[in-house]
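# Structure at a glance
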Amino acid sequence: MTGTDITTTAPRIDIDRLLARLADLAAIGAIDGTEGCARLALTDEDRAGRDLVVAAMRDLGLSVTIDRIGNVVATMAGQTDGPPVMCGSHIDTVRTGGRYDGNLGVLAGLEAIETLQTAGITPYRPLAVAFFTDEEGARFAPDMLGSLVYVGGMALEQALEIEGIDGATVGDELQRIGYDGAAPIPGITPHAFVELHVEQGPVLEAEGITVGAVTGVQGISWQEVTVVGQSNHAGTTPMNLRHDPGYVAAACASFARELALDLGHPQVATVGRIELHPNLVNVVAAKATFTVDLRNTDENILQEAERRFAEFLATTAEAEGCTIETQELARFEPVQFDPDIVALVERSATELGHTVKRMPSGAGHDAQMLARVCPTAMVFTPSRDGISHNPAEYTSPADLEAGANVMLRVMLELAAEDPS
Ligand code: HGY
Ligand code: MN
Ligand code: MN
């Protein structure tokens with residue numbers, strides 16, 4: 001199929017079939033009373049989700065490989081051999097996950113392939129749909145771990161030793177759930193990579209736009225901070241004699257908000273996890289452990305945010321007579337996607353009659369890792385009220401259908417024979 005064929009004959013996906021796939025997967029780890037699901041990476045719920053998707057891949061007759069960090073790639077043969085045009089995302093979720101984050105990109109890939117099979121279309125190049133291990137990073141940091149290893153950005157051995165928030169290691173959990181595959185790392189380099197994903201923010205909905213042509217991903221800085229003070233009696237210890245890590249953690253959380261507001265949009269700062277020990281009403285804490293997530297599209301401003309936060313932490317802890325330890329959990333610079341594929345996403349959306357807007361991604365994605373090895377871009381669909389990492393996450397069927405058809409069209413164009 002050449003470019004012109006695609007414009008006129010590209011089939012459309014079956015939205016009811018896609019919605020059914022999304023519902024089937026969301027039923028695994030379903031969060032009672034909501035549309036959302038919880039499938040933290042490498043848990044039993046993640047295994048069950050993986051098994052469901054791998055079975056669907058095999059039902060479509062795709063050749064499925066599982067690599068040594070548990071990434072799964074399913075390939076549809078093309079008219080020729082060679083590197084596939086790949087789509088995909090992740091199917092692990094945060095603990096309060098929605099049914100679209102990650103899952104949409106993987107299941108829309110299966111839907112696209114089934115649509116082509118039904119139409120009897122075999123692209124010039126092979127197509128592949130992948131899901132990558134531990135994209136969320138909520139249990140095992142950093143996020144995008146599987147795709148980072150897939151592109152050779154982290155040594156496999158280093159990744160397998162990573163200890164999660166519950167003390168388990170990546171390697172042990174991969175083995176336990178049976179997804180310590182044999183396919184080599186780094187994985188095959190795709191001809192190109194396209195990821196369909198819900199925006200997870202308010203922009204598209206606020207502007208009444210159906211499709212996002214994603215230009216890149218902002219920089220991400222995650223660290224875990226441990227503050228050690230002196231456990232003491234809440235009633236008998238005068239304020240001037242306290243060494244209270246709980247106070248230091250709370251002050252830092254408050255400072256993070258002030259810092260982001262001072263630096264201005266798009267700087268964001270989040271203290272998402274705080275644990276006190278012994279975490280009792282009448283005990284001045286002995287220890288506080290908390291995480292800081294800083295992000296910006298500008299690497300220099302992100303570094304300024306990191307510097308200012310570190311200064312505040314050190315000054316506050318010293319004044320409180322506490323000691324601190326920090327551990328970097330994730331650090332990725334901003335990524336720009338391939339301008340030609342961004343333009344192709346924009347053109348495909350327009351040709352399909354949808355409104356489209358170029359925009360950066362606030363969230364991290366596997367695409368930012370694949371961009372290291374092949375031409376890559378993303379397609380966004382709107383999120384209702386901009387909500388995500390929340391079981392109330394929602395995107396309308398019409399928007400899902402639009403996004404999936406744009407992704408299919410982009411893939412067909414990329415999989416066509418290069419014009420001679
Ligand atoms: O943290 C993120 O941006 C992504 O959800 N892993
Ligand atoms: Mn995601
Ligand atoms: Mn996510």
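Residues numbered from 1 in each chain as written. Chains lettered and ligands numbered in written order. Predicted model: local features only at pLDDT ≥ 70, side-chain atom pairs only at ≥ 80, totals over all residues. Heavy atoms only, no water.

This next bit is on the pattern of salt bridges. With the rule as written, the count across this model stands at 23 salt bridges. Here E35 ties to R99 by a salt bridge, and the two come within 3.7 Å at their closest N and O atoms. Of the two residues, E35 sits in the loop between helix 2 (15-26) and helix 3 (44-59) while R99 sits in the loop between strand 3 (85-89) and helix 4 (103-119), which places them 64 residues apart along the sequence. Judged by its relative accessible area of 46%, E35 falls in the partly exposed class. (Salt bridge = Lys/Arg side-chain N within 4 Å of Asp/Glu carboxyl O. Helix = DSSP H or I, 4+ residues; strand = E, 2+ residues; numbered from the N terminus. Buried < 20%, exposed > 50% of the residue type's maximum accessible area, 1.4 Å probe, protein only.)

Negative phi values dominate among residues other than glycine, just as trans dominates among peptide bonds. Omega for the peptide link from H265 to P266 comes to 5 degrees, which places this bond in the cis form. Secondary-structure assignment places P266 in the loop between helix 9 (245-263) and strand 9 (268-270). Positive phi, close to 50 degrees, is recorded for D134, a residue that is not glycine. Structurally, D134 can be placed in the loop between strand 4 (127-131) and helix 5 (145-150). Positioned with a positive phi, N279 is a non-glycine residue whose angle comes to about 65 degrees.

The next point concerns the coordination of the manganese ion (ligand 3). Protein coordination at the manganese ion (ligand 3) comes from D101 (OD), E136 (OE), E136 (OE) and H389 (NE2), with a distance range of 2.1 to 2.6 Å. The motif formed by the donor residues of the manganese ion (ligand 3), counted along the single chain, is D-x34-E-x252-H. Here the manganese ion (ligand 3) and the manganese ion (ligand 2) are spaced 3.5 Å apart, linked through D101, which binds each one. One end of the pair, D101, is in the loop between strand 3 and helix 4; the other, H389, is in the loop between strand 16 (376-381) and helix 13 (397-415), with 288 residues separating them in the sequence. On the basis of relative accessibility, which here comes to 6%, the residue D101 falls in the buried class. Taking the relative accessible area as the measure of exposure, H389 reaches 40% and is therefore partly exposed. (Donors = N, O, S within 2.8 Å, 3.2 Å for Na, K, Ca; no water.)

Taking 1.5 Å of rise per residue, 12 residues should cover 16 Å, and helix 2 covers 16 Å from first to last C-alpha, within 8% of that figure. Sitting at the head of helix 2, D14 places a side-chain oxygen 3.0 Å from the backbone nitrogen of D16. (Expected span 1.5 Å × (residues − 1). Polar contact = N/O pair within 3.5 Å; in protein donor to acceptor, adjacent residues only side chain to side chain.)

Chemically, a disulfide is nothing more than a covalent bond linking the sulfur atoms of two cysteines. In total, this model carries 0 disulfides according to the counting rule given. In this structure C37 is a free cysteine whose sulfur lies 19 Å from that of C87, the closest cysteine sulfur available. According to the relative accessible area criterion, C37 is buried, its value standing at 0%. C87 carries a free sulfur, and the closest cysteine sulfur to it, the one in C374, is 12 Å from it. (Disulfide = S-S within 2.5 Å.)

With that out of the way, let us pick up the coordination of the manganese ion (ligand 2). A metal bound by six donors in octahedral fashion has ideal angles of 90 or 180 degrees, whereas one bound by four tetrahedral donors has an ideal angle of 109.5 degrees. Within the first shell, the manganese ion (ligand 2) binds the protein through H90 (NE2), D101 (OD) and H197 (NE2), at distances of 2.1 to 2.3 Å. Mapped onto the polypeptide sequence, the residues donating to the manganese ion (ligand 2) form the spacing pattern H-x10-D-x95-H. You can call H197 buried: its relative accessible area is 0%.

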